[in-house]
Amino acid sequence: MKSKIIAILNQKGGVGKTTTAISIGAYLAKKGKKILVVDFDPQGNATSGLGVEDKSLMATLADAIDGHKKAEEVIYKTDLYNLFIMPGNARLASSEVELAGAQEREFALKNILSGLQYDFMLIDCPPSLGLLTVNALVASDSVLVPVQAEFYALEGLSQLLQVMQQIRSRLNPDLELMGVLLTMFDKRNSLSGEVYNELSSDFGEKLFQAVIPRNVRLAEAPSYGKPISEYDKWSKGARAYKKAAQEVVKRSEGYE
Ligand SMILES: Nc1ncnc2c1ncn2[C@@H]1O[C@H](COP(=O)(O)OP(=O)(O)O)[C@@H](O)[C@H]1O
Ligand SMILES: [Mg+2]
């Protein structure tokens, strides 16, 4: 079995990448899949959002990037069965600087993940198109792009697609766009509907049918260190992410 590796990427901050990684990871785990969330953002929000405290950790992803630890040594259990985290923290920022001078600098994450056996690995990317993100795109089979339903939502998307195209032509010919996931949708705001229509006409089938509503329970869950599936499974946000996770399974069937 080959692991399916998905980069969750948008170079903008605050669009729902981390929430998507944690929530979809949790629902895939609950469906019986073995899941690794890779926290590749120096902000470490996926790590804390899954209830793992940075101070308690012996080693993190930065140690694996630096070559001091093996992949298996920087993987931790979460409270949810089948859901594992490779934690990230501020040290990833220095790893990125050091990596810049290294040989095969674009392949560091791919090499770390390549020997691991999971059904899915979800890479929570930093909000940039720098070297860490390039590593994520080289390591991945496909890319899931959360897009926030707001005025500037589509700005930057063409640049993101361009970078993906460059990665395809130079470093990872098989990289696919899994899809675009609309987040923080507010049905009382006509702008949200406009963003939906625009994404639908630009991306067609690549737009996820699941739409993630703006939902306060999703914003609260990380402070309890729980995915939304455990924090409030009946909330609108939870139900939407459950649907999105089902779509991830369906959409990933093409990437072997
Ligand atoms: N659908 C949503 N409804 C309400 N708040 C959300 C939603 N998705 C994310 N948030 C909150 O918005 C902020 C940014 O989301 P986050 O997932 O951290 O984005 P990113 O990882 O892209 O920076 C966080 O405080 C998060 O809890
Ligand atoms: Mg984040």
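Note: the structure precedes this text.
Residues numbered from 1 in each chain as written. Chains lettered and ligands numbered in written order. Predicted model: local features only at pLDDT ≥ 70, side-chain atom pairs only at ≥ 80, totals over all residues. Heavy atoms only, no water.

Visitor: Can you walk me through helix α7 (residues 157–170) in this structure?
Guide: Taking 1.5 Å as the rise per residue, α7 with 14 residues should run 20 Å; its terminal C-alpha atoms sit 20 Å apart, in good agreement. The elements touched by buried residues of α7 are α6 (131–139), β6 (142–148), β7 (176–183) and α8 (190–203). (Helix = DSSP H or I, 4+ residues; strand = E, 2+ residues; numbered from the N terminus. Expected span 1.5 Å × (residues − 1). Contact = heavy atoms within 4.5 Å.)

Visitor: Could you clarify how one ought to interpret the site of ligand 1 in this entry?
Guide: In the region of ligand 1, 14 residues are neighbours, and G14, T18, T19, P213 and N215 sit closest. At 2.9 Å, a side-chain N or O of K17 approaches an oxygen atom of ligand 1. In the environment of ligand 1, an oxygen atom lies 2.9 Å from a nitrogen or oxygen atom belonging to the side chain of T18. Within the complex, 79% of the 560 Å² of free accessible area of ligand 1 lies under protein. Residue assignment for the shell around ligand 1 shows that the elements contributing at least two residues are α1 (17–30) and α9 (216–220). Per element, the largest residue contribution to the shell around ligand 1 is three residues, and it comes from α1. (Near = heavy atom within 4 Å. Polar contact = N/O pair within 3.5 Å; in protein donor to acceptor, adjacent residues only side chain to side chain. Areas by Shrake-Rupley, 256 points an atom, 1.4 Å probe, with all protein chains shown as cover.)

Visitor: Teacher, can you tell me more about the environment of F107 here?
Guide: As for its placement among the helices and strands, F107 is situated in the loop between α4 (91–99) and α5 (108–113). F107 gets classed as partly exposed once you look at its relative accessible area, which sits at 21%. C-alpha separation for the pair F107 and L137, spaced 30 residues apart in sequence, amounts to 9.6 Å. (Buried < 20%, exposed > 50% of the residue type's maximum accessible area, 1.4 Å probe, protein only.)

Visitor: Any chance you could explain the packing of α4 against α6 here in plain terms?
Guide: Packed helix pairs are specified by the crossing angle of their axes together with the interaxial distance, meaning the distance between the axes. Between α4 and α6, whose axes approach to 9 Å, the crossing angle comes to 80 degrees. Put simply, α4 runs roughly perpendicular to α6. Every residue of α6 that contacts α4 at L92, E96 and L99 is listed here: L131, L132 and N135. For the contact of α4 with α6, the per-class residue count stands at four nonpolar, one polar and one charged. (Axes fitted to C-alpha atoms, helices over the stretch in contact; angles between N-to-C directions. Parallel < 35°, antiparallel > 145°, perpendicular 65-115°, else oblique. Nonpolar A, V, L, I, M, F, W, Y, C, P; charged D, E, K, R; others polar.)

Visitor: Which parts of the structure should I look at to understand the pairing of strand β2 (residues 35–39)?
Guide: Side-chain positions along a regular strand alternate between the two faces of the sheet. Most of β2 sits inside the fold, with five of its five residues counted as buried. Burial along β2 is two-sided: I35, V37 and D39 and L36 and V38, pointing in opposite directions, are all buried. The pairing of β2 with strand β4 (residues 83–86) spans four bridges and is parallel. Across the sheet, V37 pairs through a bridge with I85, a residue of β4. Taken together, the five bridges between β2 and strand β5 (residues 120–124) define a ladder with parallel strand orientation. Paired with I35 across the bridge in β5 is F120. (Pairing = 2+ DSSP bridges.)

Visitor: Is there a simple way to explain the sheet that holds β2 in this structure?
Guide: Strand pairing in a sheet relies on backbone hydrogen bonds. The paired strands run either parallel or antiparallel. Within the open sheet, the seven strands sit side by side as β3-β4-β2-β5-β1-β6-β7. Their pairing is mixed. Two strands lie at the open edges of the sheet, namely β3 (76–77) and β7, each paired on one side alone. Sheet analysis places strand β1 (residues 4–8) next to β6, joined by three bridges and oriented parallel. From the neighbouring strand, A7 faces β6, where its bridge partner is V143. Packing against the sheet, α7 makes contact with β6 and β7, and its axis sits at approximately 160 degrees to β7.

Visitor: I keep staring at the environment of G115 and nothing clicks. Help me out?
Guide: For G115, the position within the fold is in the loop between α5 and β5. Given the relative accessible area of 59%, G115 is considered exposed.

Visitor: Would you mind going over α4 with me for this structure?
Guide: Counting along an α-helix, one turn takes 3.6 residues, and residues three or four places apart therefore face a common direction. Along α4, the residues classified as buried are L92, S95 and L99. Projected down its long axis, α4 shows its buried positions confined to an angular sector of 50 degrees, all on one face. Across from the buried face of α4, at angles greater than 90 degrees, the exposed residues are V97 and E98. Residues of α4 that are buried in the fold lie against β2, α3 (61–65), α5 and α6. (Arc of directions from axis to C-beta.)

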